[in-house]
Structure formats: structure tokens, C-alpha cells
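One letter stands for each residue in the lines below.
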Amino acid sequence: MAKRLPLILLIWVIAAIYFYQVICTLTDSVVIRSAYWLADAGIITGIILAIRAPRGSRTQHTFITWMMGLILLAVVPRLFSLPVLLAEDLTRLFRGFPARSIIVSEITLGIAGLLFLIVLFGITRGRHFYRVRKETIYFKDLPAAFDGFTITQITDVHAGSFTNAAGVQKGIDLVNKQHSDVILFTGDLVNNQASEMDPWITAFASLNAPMGKYSVLGNHDYGDYIRWETPAARQANLARLKQVHAEIGFRLLLDEAVTLRKGDQTITLIGVENWGKGGFQKYGDLKKATAHVADDAFRILMSHDPSHWEGVTLDHHQHIHLTLSGHTHGMQFGIELFGFKWSPVQYVYKQWAGLYRKKNRFLYVNRGFGFIGLKGRIGMWPEVAVITLKRDAGNTKQ
């Protein structure tokens, strides 16, 4: 957040100044005009307090959570309603720049008000507004016994952010309603500490699938984002987290592979530790994980960070048919309507939400089950992904 803060503040200031023209056009009230700027000043004060709070502390987490929501409430409605003012300014340019139209200002204020309500819904109800997303993927070499095999994937639980047991249970029930063959979890069970899962172990243990539940670690699971009293304390936390995976019934794959069998046919499920581009950890070792995988195996890889796909997986000597990832959360903010998909996170990650294909290999990036930082989701709703594997009959999508 700190690295992007100057750009966020610049956009915020530009939007605030420009939108202020609407306020001035519609009212002469000094109280309303002053309140407009005082609200922004209060949020900026909160940002300063968040930055100065002890790193990784509960106080900092609380400030960040509130400030992210308030920043979105302050910036998004104004920013996305400004095109109306810009369009008016293009006409004013050729009319000697007369005073702003009251009607245009009212329209702009109405759009901003609608966007404010959408953002408000996202940060109050959006965190548990779970959506089921389904994909069917065709493969020529899928073993016949696995034709129609179903996978439910969840990712990025971030248990330390949960406060609403009923909301979490709603998501868990939705996972079980899919009745998939396997459930795969692709990392970030917690924000920082294994103890965050303590209140949720019983709930997540109720997830069930006839052919098992498997998981991998994400970047947050290693405890790298808070200060530990000793290195041993950090290692003990990680050891405890691995135990938690077992307690909720998941087989944690640490750079290793397992065989899923139907009759006399098999597919191979591979799980690597976290590997991410930039400043993220590169713990994962795909070469180690596939060391004992047969050359003719059908392979599904669980790898938390989607940057691992282009960074390592695509050029791996063994063909990885399908990779399942998470990590991006779709930034918990964006637009998905009528096939159009946008989020600021796409300027950081080339593959950030949904299904991708390259070199005849597939990647699915799940938008995440939980949330972190922003205590909600706006447009990028929490996801339960259901992927069906099908044999290619020769004239399908492969």
C-alpha cells in the first residue's frame, strides 16, 4: 500500500478538486463545502496513523482495514463520475466556457451517489457474496475414466479477516453443494498466524469430497509479514499451520505429487510451495515436485501465485495440463459485466482472474474465498470455482 500511496493520493486530489465543481454549482452552503474537504482530511489523517502504527500489529491492521474502505468510498464515486464533467467541458470549450450546467452537475452527483451505494454494499455485504463460477476444459489425452471429473477450487481464505461465522458458513455450504470429486485449496489459509484458524477449524473440516481434499501454501502462510520474537517462533507457527491443514482434512502438498485413481486409470495432482515474481518468495520447486511423475501422466498443478505459470510452468519439461492458482483476489475491486472484465490488478498480473490458455496448457486463477486489507469486495465477488475435465471428441475446444 505504501508504495502505491503517492499515485493513489494524486488521483484522489485530482478527482476531489474536479468534483468540487459539482458541489459549488449545486450549493452555496459553506457548511456543505467545508464538510466536503473535512471528510477527506479525516481519511488522510487515518492513513497517516495507519502508516505510523507498529508494523503487523492489530492496530495497524484495523486502521488499514477502515482506511481502504473509506478511500474507496471517497475516490471511486468521484473518479468514475468525472467523465460526465469532462464531456461537458469539451462542449464548454467551444462555447466560451460558460458556467457549469446545473442539470449536468445533478447527473454527475446522481452517478456518484449510485457508485457510493455500490461501494458501500461491497464493503458491508460483498465479503460473503459468494459466486459459483464454472468452467469445462477439454483435453485430448484425459484418461477416459476421468471424463467428467469435477474439481472445486477455493483459495485465499485469509481466516484472520473473518468475523462473521454465518457468512463463512454460507461459503462452506456452497462448496459442499457442488458435490465435486475433489476439493483443492490453493494457499493463504491465514493472514499471518496459524492461530487465526482456531475458530474456523470445525467449519472447514466439514468440507467433503469423495476423492479427497488437497492444499498448498500461499505467501501469507509463512508468516513473513509480521515480526517474530525469534526465528524459532516463526518456524513453530509454520509447523502449526501445517497441522491445521491436517485437522481440517486437507492433504498439504509440499513440492510433491499424488496419484488420483479411478479403476485402472490415473491422473497426477502436483502441489508446490509458494513461488511468486518480484518480491514474493520463491520457495516452490516444480522440478522436485515432478521428479517421480511418469512422463505420460496427466498433470494438474496447484501453485498459489499465477506468475509461476509463465515464470516456470510453461517451460517445464513435463507438460502441465492445468494449473490452479489464486493470490490476486481480483484486487477485491473491479468490474465484470456482460463478458467485460477489468480490475487495477491486471496492470500487475497478466493472468489475474478466470481461465487462460497458452502453449496448449491451461491456467485458472480463482478470485479468492476470503479477503484481506479491504474488509469487503466490490465487483470481484468471493469465488467458488468448479472445473469439469472432459475428453476432447475431436471437434471441441482443445
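Shown above is the structure to which this text applies.
Novice: I tried to follow the pairing of strand S8 (residues 299-302) on my own but got confused; where do I start?
Specialist: Note on strand geometry: in a regular strand, side chains alternate between the two faces of the sheet. Across the two faces of S8 the burial is the same, with Arg299 and Leu301 and Ile300 and Met302 all buried. Across three bridges, S8 lies against strand S9 (residues 322-325) in parallel orientation. Paired with Leu301 across the strands is Thr323, a residue of S9.

Novice: What is the right way to read the packing of helix H3 (residues 58-93) against helix H4 (residues 102-124) from this model?
Specialist: Two quantities define a packed helix pair, namely the angle between the helix axes and the distance between the axes. Axis separation between H3 and H4 bottoms out at 8 Å; the angle between their running directions is 150 degrees. With respect to H4, the element H3 is oriented roughly antiparallel. When the axes of H3 and H4 are compared, the crossing they make is right-handed. Between H3 and H4, the contacting residues are Gly69, Leu72, Leu73, Val76, Pro77, Phe80, Ser81, Val84, Leu85 and Glu88 on the first element and Val104, Ile107, Thr108, Ile111, Ala112, Leu115, Phe116, Val119, Leu120 and Ile123 on the second. Classifying every residue of the contact of H3 with H4 gives 16 nonpolar, three polar and one charged.

Novice: So what exactly am I meant to see when it comes to unusual backbone geometry here?
Specialist: Most peptide bonds adopt trans geometry, and most residues besides glycine take a negative phi value. In this model, Asp188 sits at a positive phi of 65 degrees, which is unusual for a non-glycine residue. Residue classification places Asp188 among the buried positions, given a relative accessible area of 1%. Look at Gln332: it is not a glycine, yet its phi comes out positive at around 60 degrees. Mapping Gln332 onto the fold places it in the loop between S9 and strand S10 (335-337). On the basis of relative accessibility, which here comes to 3%, the residue Gln332 falls in the buried class.

Novice: I would appreciate a short explanation of the side chain of Ser180 in the present structure.
Specialist: Among the structural elements, Ser180 can be located in the loop between helix H5 (165-177) and strand S3 (182-185). Of note is the side chain of Ser180, whose polar atom sits 2.6 Å from the side chain of Thr152. Beyond its immediate chain neighbours, meaning those up to four positions away, Ser180 contacts Thr150, Ile151, Thr152, Ala209, Pro210 and Val386.

Novice: How should the packing of helix H2 (residues 30-52) against H3 be read in this particular structure?
Specialist: Across the interface, H2 lies against H3 with an axial gap of 9 Å and an inter-helix angle of 145 degrees. Every pair of crossing elements has a handedness; the one defined by H2 and H3 is left-handed. Touching Tyr36, Asp40, Ile43, Gly46, Ile47, Leu49, Ala50 and Ile51 of H2 are Gln60, Phe63, Ile64, Met67, Leu70, Ile71, Ala74 and Arg78, all from H3. Here the residues of the contact of H2 with H3 sort into 12 nonpolar, two polar and two charged.

Thresholds, definitions, all that
- Residues numbered from 1 in each chain as written.
- Predicted model: local features only at pLDDT ≥ 70, side-chain atom pairs only at ≥ 80, totals over all residues.
- Heavy atoms only, no water.
- Buried < 20%, exposed > 50% of the residue type's maximum accessible area, 1.4 Å probe, protein only.
- Helix = DSSP H or I, 4+ residues; strand = E, 2+ residues; numbered from the N terminus.
- Pairing = 2+ DSSP bridges.
- Axes fitted to C-alpha atoms, helices over the stretch in contact; angles between N-to-C directions.
- Parallel < 35°, antiparallel > 145°, perpendicular 65-115°, else oblique.
- Left-handed = near helix turned anticlockwise from the far one by under 90°.
- Contact = heavy atoms within 4.5 Å.
- Nonpolar A, V, L, I, M, F, W, Y, C, P; charged D, E, K, R; others polar.
- Polar contact = N/O pair within 3.5 Å; in protein donor to acceptor, adjacent residues only side chain to side chain.

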